[in-house]
Amino acid sequence: MLTRTLRGWELPERAVTPERIYHDRRRLLAGMAAGPLLAAAGPLFSAAPAYAADTLAGRLPGPRNETYKVDRALTPEKDATTYNNFYEFGSHKEIWPAAQKLKRRPWMVKLAGMVEKEKTLDIDDLLAKVQIEERVYRHRCVEAWAMTVPWSGFPMKALVDIARPLLGAKYVRMETLADKDQMPGLRQFWYPWPYVEGVTMAEATNDLAFMVVGLYGKPLPPQNGAPLRLALPWKYGFKSTKSIVRLTFTDQRPISFWEKLQDAEYGFWANVNPKVDHPRWSQATEWVLGKDRNNRVPTLLFNGYAEFVADLYKGIEGEKLYM
Ligand SMILES: Nc1nc2c(c(=O)[nH]1)N[C@H]1C(S)=C(S)[C@@H](COP(=O)(O)O)O[C@H]1N2
Ligand SMILES: [Mo]
């Protein structure tokens, strides 16, 4: 059965796949025949592009990190991948068809600012340096919808270590690709592109801060921020920057995309707190994607992650920590 599927796929593919990728796939398939890598068949036979099979096949989802348990059902994959916020592709939720055009290779990530030496990493070289694991996280959008999904990736701390920041660095500023040719949303010139967010060094190196490259055991879909996005599950979703091309280490607090647009509504810290309302709506409850919109459930302090992150905010209670 497997052999027959492979043959049917292999022949037309061979005609259109560059030599190197073709041979890498052959090696992969040889591995799969041995058995344990069979799970890799998912991404390989889906519409996922060849590069994804190259760098991530056999590595997704990665071993599940059981430290982060969630008492909610996983959101259906279809909901998590067809209801998105990614303003570069449009200011509505159905951006997933437009996002398919995002070119994910080659993809370079610049590590800049207050570091020993600035460097630009090819994502595949970066992926070769890190260990991939799977974490099931909650996600809470400031708009009061939520989901629970299995991300694959590596701790942001691993990337900070590669960057070798100087002692004076206090913040990490994350920046998304801004390419008019690929991203129709950029025509909305009144938005302060590129999409920028920031965290403190303590937040960036907290174990919960997770650099994501996969979702549901497959390479991260473009609409969810391929090929590299953040997951900061204790903060409102807008902090979780997608399609990252640059991390800048700095001693100045970054001013984010949303803060520039509307600083009365979106602050730097943006930690989830059901008791602190958004100026235009309550944050007490949330709608879980895939469920009835009217059947809302309570929102939790730090989105349920207080035990891991509450200490980060000791001594700065005077700041606007929750918006
Ligand atoms: N570059 C970029 N990153 C972004 C956004 C965006 O519009 N552009 N939206 C943010 C918001 S508001 C949310 S809720 C999450 C949504 O992630 P998801 O589509 O994977 O659920 O991405 C965040 N990261
Ligand atoms: Mo959001």
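Below is a summary of the structure that appears in this document. (Residues numbered from 1 in each chain as written. Chains lettered and ligands numbered in written order. Predicted model: local features only at pLDDT ≥ 70, side-chain atom pairs only at ≥ 80, totals over all residues. Heavy atoms only, no water.)

1. Regarding the site of ligand 1
For the record, the criterion: A single heavy atom is enough: if one lies within 4 Å of a molecule or strand, its residue is considered near that molecule or strand. Each polar contact in these results corresponds to two N or O atoms within 3.5 Å; when the atoms are within protein, one needs to be able to donate a hydrogen and the other to accept it, and residues that are neighboring in sequence are counted only if both atoms are side-chain atoms. Per-residue and other accessible areas follow the Shrake-Rupley method at a 1.4 Å probe size, with only the shown protein chains counted as cover for residues. Think of it as three bins: nonpolar holds Ala, Val, Leu, Ile, Met, Phe, Trp, Tyr, Cys and Pro, charged holds Asp, Glu, Lys and Arg, and polar takes everything else, Gly as well.
Taken together, 17 residues lie near ligand 1, and N84, Y87, E88, S240 and K242 sit nearest. A distance of 2.8 Å separates an oxygen atom of ligand 1 from a polar atom in the side chain of N84. With respect to ligand 1, the side chain of N224 contributes an N or O atom lying 2.9 Å from an oxygen atom. Starting from 530 Å² of accessible surface for ligand 1 in isolation, the protein chains cover 99%. Considered class by class, the residues forming the shell around ligand 1 number seven nonpolar, seven polar and three charged.

2. Points about the pairing of strand 1 (residues 108-113)
Short version of the rule: If DSSP finds at least two bridges between two strands, the strands pair. Think of it this way: any DSSP run of H or I at least four residues long counts as a helix, any run of E at least two long counts as a strand, and we number them from the N terminus.
Pairing analysis gives four bridges linking strand 1 to strand 2 (residues 119-122), with the strands arranged antiparallel. Looking at strand 2, one finds that K110 is bridged to T120. Following strand 1, the chain reverses through five residues before pairing antiparallel with strand 2. Note: strand 1 against strand 10 (residues 244-250), four bridges, orientation parallel. Residue pairing for strand 10: A112 is matched across the bridge by T248.

3. Some details on the environment of L102
Defined as follows: In what follows, a contact means two residues having at least one pair of non-hydrogen atoms within 4.5 Å.
Take L102: it is sitting in the loop between helix 6 (96-99) and strand 1. Look past the residues within four positions of L102 in its chain and what remains in contact with it is F89, W107, L177, Q182, M183, P222, A226 and S243.

4. Section: the pattern of salt bridges
To be explicit about the condition: We count a salt bridge whenever a side-chain nitrogen from Lys or Arg sits within 4 Å of a carboxyl oxygen from Asp or Glu. Exposure classes here rest on a 1.4 Å probe applied to the protein chains alone. A residue is buried below 20% of its type maximum, exposed above 50%, and partly exposed in between.
Enumeration according to the criterion identifies 19 salt bridges in this entry. In this structure, the salt-bridge partner of E134 is R64, at a minimum N-O distance of 2.9 Å. Here R64 lies in the loop between helix 4 (50-56) and helix 5 (77-82) and E134 lies in strand 3 (residues 133-140), a separation of 70 residues in the sequence. For R64, a relative accessible area of 40% corresponds to the partly exposed category.

5. Points about the sheet that holds strand 2
Using the following cut-off: What counts as an axis is a line fitted to C-alpha atoms, over the stretch in contact for a helix, and the angles between N-to-C directions run from 0 to 180 degrees.
Strand order in the open sheet formed by five strands is 2-1-10-5-6, and the pairing between neighbours is mixed. Only two strands of the sheet have a single partner each, and these edge strands are strand 2 and strand 6 (196-200). For this sheet, the mean angle separating the axes of adjacent strands, direction not counted, is 20 degrees. Lying over the sheet, helix 8 (residues 156-163) contacts strand 1, strand 2, strand 5 (171-176), strand 6 and strand 10, oriented at roughly 130 degrees with respect to strand 2.

6. A short note on the nonpolar core
Just so we agree on the cut-off: Buried Ala, Val, Leu, Ile, Met, Phe, Trp, Tyr and Cys residues form a nonpolar core when they are joined through side-chain atoms within 4.5 Å.
Formed by 82 residues in total, the largest nonpolar core has its most connected members in W151, F154, M156, V172, W234 and F249. Aside from chain neighbours lying at most four places away, what touches F249 is A112, G113, M114, V115, V160, A163, P165, A169, Y171, V172 and M201.

7. Regarding the environment of A99
Structurally, A99 can be placed in helix 6. By relative accessible area, which is 0% here, A99 ends up buried. Along the primary structure A99 and N224 are separated by 125 residues, whereas in three dimensions their C-alpha atoms are 9.0 Å apart.

8. Side note on the packing of aromatic side chains
Keep this limit in mind: In this scheme Phe, Tyr and Trp rings, the latter by its six-membered ring, pair at centre separations within 6.5 Å, and the angle between planes marks the pair as stacked below 30 degrees, edge-to-face above 60, and tilted otherwise.
This structure, assessed with the given rule, holds 25 aromatic pairs. With centroids separated by 5.0 Å and ring planes inclined at 65 degrees, the aromatic side chains of Y68 and F308 adopt a geometry described as edge-to-face. Taken together, the residues Y68 in the loop between helix 4 and helix 5 and F308 in helix 11 (residues 306-309) connect sequence positions 240 residues apart. Classification of F308 as partly exposed rests on a relative accessible area of 26%. A centroid spacing of 5.3 Å and a plane angle of 90 degrees characterise the contact between Y83 and W145, whose relative ring orientation is edge-to-face.

9. A word on unusual backbone geometry
Of note, the amide linkage connecting W193 to P194 takes the cis form, showing an omega dihedral of 0 degrees. Relative to the assigned elements, P194 resides in the loop between strand 5 and strand 6. Residue A226 is joined to P227 through a cis peptide bond whose omega torsion reads -5 degrees. Tracing the backbone shows P227 in the loop between strand 8 (218-219) and strand 9 (229-231).

10. Observations regarding the side chain of N224
Within the secondary structure, N224 sits in the loop between strand 8 and strand 9. Side-chain polar atoms of N224 contact the backbone oxygen of A80, separated by 3.0 Å. Those residues in contact with N224 that lie beyond four places of it in its chain are A80, T81, N84, L215, R229 and K242.

11. Some details on the environment of R164
For R164, the location among the structural elements is in the loop between helix 8 and strand 5. Among the residues examined, R164 registers a relative accessible area of 45% and is labelled partly exposed. Spatially, the C-alpha atom of R164 lies 5.8 Å from that of E116, the residues being 48 residues apart in sequence. In this structure R164 touches V115 and E116, once residues within four positions along its chain are discounted.

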